[in-house]
Amino acid sequence: MTLRNMNEFFAPVSGFDLPRFAGIPTFMRLPHVPFEHDRFGEVEIGLIGAPWDGGTTNRPGPRHGPRQLRDLSTMIRAMNGVTWVAPFELANCADLGDVAPNPADLMDSMARMEAFYDRVVAAGVMPLTGGGDHLCSLPILRAVAKKRAVGMIQFDSHTDLNDVYFGTSKYNHGTPFRRAVEEGLIDPKRYCLIGVRGTAYGREDWDFAAGNGIRIIAIEEFHARGVEDVMAEAREIVGSGDTYITYDIDFVDPTFAPGTGTPEVGGPNSWQALQVARLLKGVNIVGADLVEVSPPFDASGGTAWLGVSIMFEMLCVMAERVAALRG
């Protein structure tokens, strides 16, 4: 089968033309199109690296995630083998490169990230990000939700709705969505959080969720109900409005994804990890991320391979959305 874009600028390099172990590893072998590139105005979905883990409170390493995700993404082909969606045929996709963080200044890094995504959003490009720790989502949301609050579906073993760490830290990978709700970036009534489990410091985050109308589907409920039923509820919660998707790789059981900073046992397997992303079909996605891949804890790249496979599933759904909007 020949895809529309196979001989065009935005086509990924085929493994039949250049072996997958050769060439410069961009996301999914797509062209690298930075802001100053003369084809940037044609990009519809931009894959972006956020190599920063300044919000990590225990085991650092996700700053190296985007590089390993790119390397493993050379295994991605042009068509989804389950849905038969060909995302590169449906939308102009490109690797926009990395946000340039300041590893010595957390607040400056967040400002740099917000400014980067402001340019992406202003250009009408839908961002798909490979992180980075989960604090990266906050500056992205500040850009994506600058004009209106968005709904959100979060796949995670933790709520990331805590208030303060160590008495003073309001900005770390355990607090981004508490800040996002407070800043009016997320509509809490259109916010569904799936997969929470593990031991806890207390109930403050759960109480905040209950007090603001955030729906938490803990892992016990997820397993009892099954993927399709849970995702049907998630789609109903966010409705037809603009929605952001954030996917922490620690949503997946560490048997399948050990390369992350805060693993929690009892999670979904790799098949379920792909299923939930695939069942985002129909959601009005305005941006998405896959975060917390930490290469130091899985040098083999297995976690990154699962992570970028999840990104591809999300890309397929996003590309269908772009094509539908284009008419």
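Residues numbered from 1 in each chain as written. Predicted model: local features only at pLDDT ≥ 70, side-chain atom pairs only at ≥ 80, totals over all residues. Heavy atoms only, no water.

### Some thoughts on the environment of G261
If you trace the backbone, G261 turns up in the loop between β7 (243-248) and α9 (270-278). Relative accessible area serves as the criterion here: at 7%, G261 is assigned to the buried category. Separated by 14 residues in sequence, G261 and Q275 place their C-alpha atoms 23 Å apart. Once you skip the residues sitting within four places of it in the chain, G261 turns out to touch R59, E292 and S294. (Helix = DSSP H or I, 4+ residues; strand = E, 2+ residues; numbered from the N terminus. Buried < 20%, exposed > 50% of the residue type's maximum accessible area, 1.4 Å probe, protein only. Contact = heavy atoms within 4.5 Å.)

### Focus on the pairing of strand β4 (residues 150-155)
Consecutive residues of a regular strand have side chains that alternate between opposite faces of the sheet. With 6 of its 6 residues buried, β4 lies for the most part within the structure. Along β4, one buried face is formed by V150, M152 and Q154 and the opposite face, lined by G151, I153 and F155, is buried too. Of the pairings in the sheet, the one linking β4 to strand β5 (residues 186-196) comprises 5 bridges and is parallel in character. Among the inter-strand pairings, Q154 is bridged to a residue of β5, identified as L193. At this point the chain moves from β4, through helix α5 (residues 176-182), to the parallel β5, and the crossover so formed is right-handed. The sheet contact formed by β4 and β7 spans 5 bridges and is parallel. (Pairing = 2+ DSSP bridges. Right-handed = clockwise from strand over helix to strand, strands pointing away.)

### Looking at the packing of aromatic side chains
The full count for this structure, using the stated rule, is 11 aromatic pairs. Pairing F222 with F251 gives two aromatic rings, centres 5.9 Å apart and planes at 85 degrees, and the pair type is edge-to-face. Remark: F251 occurs in the loop between β7 and α9 and F222 occurs in helix α7 (residues 219-225); sequence separation between them is 29 residues. On the basis of relative accessible area, F222 is assigned to the buried category, the value being 1%. Residue classification places F251 among the buried positions, given a relative accessible area of 0%. (Phe/Tyr/Trp six-rings, centres within 6.5 Å; stacked < 30°, edge-to-face > 60°.)

Keep in mind that these numbers describe shape and distance, not what the molecule does.
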